[in-house]
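# Coordinate inspection notes
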Amino acid sequence: MDVTFWGVRGSIPSPGPGTVRYGGNTACVSVRLPSGELIILDCGTGARNLGISLLAGPFGKGKGSATLLLSHAHWDHIQGFPFFGPFYVPGNSFTVYGGRSGERLLEDVLERQMAAQFFPVQSFRNMGARMEMRPMGEDRDVRVGSATLRAHANPHGPTPALAFRIEAGGKSLAYASDAGYGSDGPPQAAVDLYRGVDLLIHDSTFTPEDRALRLERGLSSLEDAVDCAARAGVKKLALFHYDQDYSDHDVDELVARGRRRLAEHAATGIEVIGAAEGLTVSL
Amino acid sequence: MRIQFWGVRGSLPVPGPRTERYGGNTSCVEVSSAAGTRIIIDAGTGIRRMGKELMRAEFESGKGAAHILISHTHWDHIQGLPFFAPFYRAGNKLFVYARQRDDQNLRSVLSLQVDSPFFPVPFHKARAEVAFRELHDGAQFEINDVVVSCARLNHPYIATAYALSVDGAKVAYIADTAPFTDILFGHEFIAGPPSPRSLLSKSDHKTLRTMRSQVVRLCEGADLVIYDTMFTPEEYRQTPHFGHSRPSDAVEICHDAGARMLALYHYAPDRSDAEVDAVLASTRKEAKLTAPKLDIVAGFEGLDLALGKG
């Protein structure tokens, strides 16, 4: 299983010299299963570069298919959707899974982003590829090709965000972007979802100090991420979804603090990395 | 008149090492008069950093006022608004302007961007006083000491060009528009380039000619014209239906209008810094023949120009 980061930023893309190492694109991660199947986690602006790389293969000829899992419909998780090249090649086929954000069905949410006031293509039906939208069941296994998927809704300010677990070929990954746990930490169901995975990609938007000032945002600090990793006994933790104002230097500091925090847990067997655009983790 | 560029990119923000010099943020330009009138044109992601800058002065204490002119509501021209810090401070006064629509008023178009499930903070929780003003093509009005003129542009779902005059200087802002030759854009979806056999109707030709002459008039004698130069000639041949121009289109309009300076603007997301350098060099070279008096610069994040007095 190869996991590649295309966008690691939260809230809004943050171009500029201060973010070139970790990257300024919003959330998007691709997962290539041992069978060759492709799963895409979230569709922030990082999806544009993923799309460009995919067009060099079967997706460029209208022979590609992939599963897209959307954690929730905040802009930084869907704003790459109109700019994902493979959507414009007839013959490609996508199954899109998401939650029921604010009681609106996924299709309606994505269609609103494409509407004429906002985007010249006016409807995702004008894009060309075949797209099927499906609501994601929560807290139960869903079989998609050779993978077993499971989703759990984490609290995230006024709307929930889905966390996903993907298992295939004896390897496992959990993706928990945008998690705003209460004061008693992650619920057991979330910890169970992350349990023992080879790689946990976890929201690490803030330092604990910055998070304390912005609790209503429903996002995690690096300590929340590290505590989850330690409780769930994961093998590797990738910090993810950095605040738009954090420079590369600030993210370096988050990672260093994460490693110190693990040492406090005496969970030094867990490796902590900072997710960065272009980085591939092979499991 | 002072003009500052905060975002120069079209379509979507493009962070990364290839765009470090010109910048990856989407459209946003700030114009301020010597007397202190502050006008922001377009609210792409560039407006976020400007908002942070504004919060270092009177906007922090809720005593700021700014006027935001929106060329049109495609994402790359509004997506920074929810991240514009002065919105969230009580006492600030913000006036938002855009072209009037038949189907939906401006407030509800912009509300959708911050409604659930897309954004956690809806409009009614923004604490600043926000007023909306809808404009018709050809409108002319004053914002304090600044005279603003509007013209219709040739872009999918229709965009507005603005010209601002104050302090004895004039700036025109033309993002986004197609040339006024091959396609007449309106509200309908255009799936591809026109077929070679499909000719524009006489009335469409006439509409485009009129539109062009109004844009030229808007730019007449301008000290600076900021113009959509998204495409290379080859890209335009492939995707004329996207509704964007080439540098040569911008040079022609500037020449016809007798403008002094052209700023290339609204670069395609794929355009790297080195490619913008090359586009600037070739545009200058060609313009030596076609518009020898025109000064040409390439807009970049941080470009700061003083025109006229003040």
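All of these numbers come straight from a predicted model, not from anything done at the bench.

Moving on, we come to the sheet that holds strand β4 (residues 65–69) of chain A. All names here are of chain A. Ordered in space as β6-β5-β4-β3-β2-β1-β14, the 7 strands form an open sheet in which the pairing is mixed. Two strands in the sheet have a free side with no partner beyond their single neighbour: β6 (130–135) and β14 (280–282). The average angle at which neighbouring strand axes cross in this sheet is 20°, direction not considered.

With that settled, consider the nonpolar core. Judged by nonpolar contacts, the single largest core of 69 residues is most densely connected at B:Ile3, B:Phe5, B:Leu69, B:Leu164 and B:Ile226. Counting residues per element, this core draws most heavily on helix α3 (residues 202–219) of chain B, at 6 residues. Setting aside residues no more than four positions away along its own chain, B:Ile3 makes contact with B:Val29, B:Glu30, B:Val31, B:Val171, B:Leu224, B:Ile226, B:Leu303, B:Asp304, B:Leu305 and B:Leu307. In terms of nonpolar packing, the next biggest core, distinct from the first, is built from 68 residues, A:Leu110, B:Phe83, B:Val96 and B:Val114 among them.

Right, let's talk about the packing of helix α6 (residues 222–232) of chain A against helix α7 (residues 248–264) of chain A for a bit. All names here are of chain A. At a minimum axis separation of 9 Å, α6 and α7 run at an interaxial angle of 40°. With respect to each other, α6 and α7 are oriented oblique. Crossing handedness for the pair α6 and α7: right-handed. Contacts between α6 and α7 involve Leu222, Glu223, Val226, Asp227 and Ala230 on the former and, on the latter, Leu254, Arg257, Gly258, Arg261 and Leu262. Taken together, the residues of the contact of α6 with α7 break down into 5 nonpolar, 1 polar and 4 charged.

At the interface, 37 residues of chain A touch 37 residues of chain B. Interface area lost by chain A to chain B is led by A:Trp75, A:Gln117 and A:Phe118, which between them contribute 24%. Here chain A is connected to chain B by 3 salt bridges. For B:Asp270, the salt bridge is made with A:Arg48, and the minimal N-O distance between the two is 2.4 Å.

With that out of the way, let us pick up helix α1 (residues 46–54) of chain B. If you check which residues of α1(B) are buried, you get B:Gly46, B:Ile47, B:Arg48, B:Met50, B:Gly51 and B:Leu54. On its buried face, α1(B) is in contact with β1 (2–7), β2 (28–32), β3 (38–41) and β4 (65–69) of chain B.

Residues and elements named next belong to chain A. The strand order across the open sheet formed by 7 strands is β7-β8-β9-β10-β11-β12-β13, and the pairing between neighbours is mixed. Each edge of the open sheet carries a strand with a single partner, namely β7 (142–144) and β13 (271–274). On average, each strand axis in the sheet is tilted by 20° relative to the strand beside it, whichever way the strands run. Of the pairings in the sheet, the one linking strand β11 (residues 199–203) to strand β12 (residues 236–240) comprises 4 bridges and is parallel in character. Bridge assignment links Asp203 to a residue of β12, and that residue is Phe240. Along the sheet, α6 contacts β11 and β12; its crossing angle with β11, the most-contacted strand, is approximately 150°.

On to empty space enclosed by the protein. Residues and elements named next belong to chain B. For the structure shown, the criterion picks out 5 cavities of 30 Å³ or more. Within this model, the largest cavity holds a volume of roughly 140 Å³. Counted by class, the lining of the largest cavity contains 10 nonpolar, 7 polar and no charged residues. Roughly 90 Å³ of volume is contained in the second largest cavity. As for the second largest cavity, its lining consists of Leu81, Pro82, Phe87, Tyr88, Leu110, Gln113, Val114, Val121, Pro122, Phe123 and Ala126. In terms of residue class, the lining of the second largest cavity is made up of 10 nonpolar, 1 polar and no charged.

Within the element layout of this structure, A:Gln117 appears in the loop between α3 (106–114) and β6. If we skip the residues at most four places from it in the chain, A:Gln117 touches B:Thr73, B:His74, B:Asp103, B:Gln104, B:Val109 and B:Tyr157.

Each value, and the rule that gives it
- Residues numbered from 1 in each chain as written.
- Chains lettered and ligands numbered in written order.
- Predicted model: local features only at pLDDT ≥ 70, side-chain atom pairs only at ≥ 80, totals over all residues.
- Heavy atoms only, no water.
- Pairing = 2+ DSSP bridges.
- Helix = DSSP H or I, 4+ residues; strand = E, 2+ residues; numbered from the N terminus.
- Axes fitted to C-alpha atoms, helices over the stretch in contact; angles between N-to-C directions.
- Core = buried A, V, L, I, M, F, W, Y, C linked by side-chain atoms within 4.5 Å.
- Buried < 20%, exposed > 50% of the residue type's maximum accessible area, 1.4 Å probe, protein only.
- Contact = heavy atoms within 4.5 Å.
- Parallel < 35°, antiparallel > 145°, perpendicular 65-115°, else oblique.
- Left-handed = near helix turned anticlockwise from the far one by under 90°.
- Nonpolar A, V, L, I, M, F, W, Y, C, P; charged D, E, K, R; others polar.
- Buried area = accessible area lost by both parts, 1.4 Å probe.
- Salt bridge = Lys/Arg side-chain N within 4 Å of Asp/Glu carboxyl O.
- 1 Å grid on protein atoms, 1.4 Å probe; cavity = no way out; pocket = protein on both sides within 12 Å on 5 of 7 lines; lining within 4 Å.
- Points joined across faces, edges and corners; volume = space filled by probe spheres on them.

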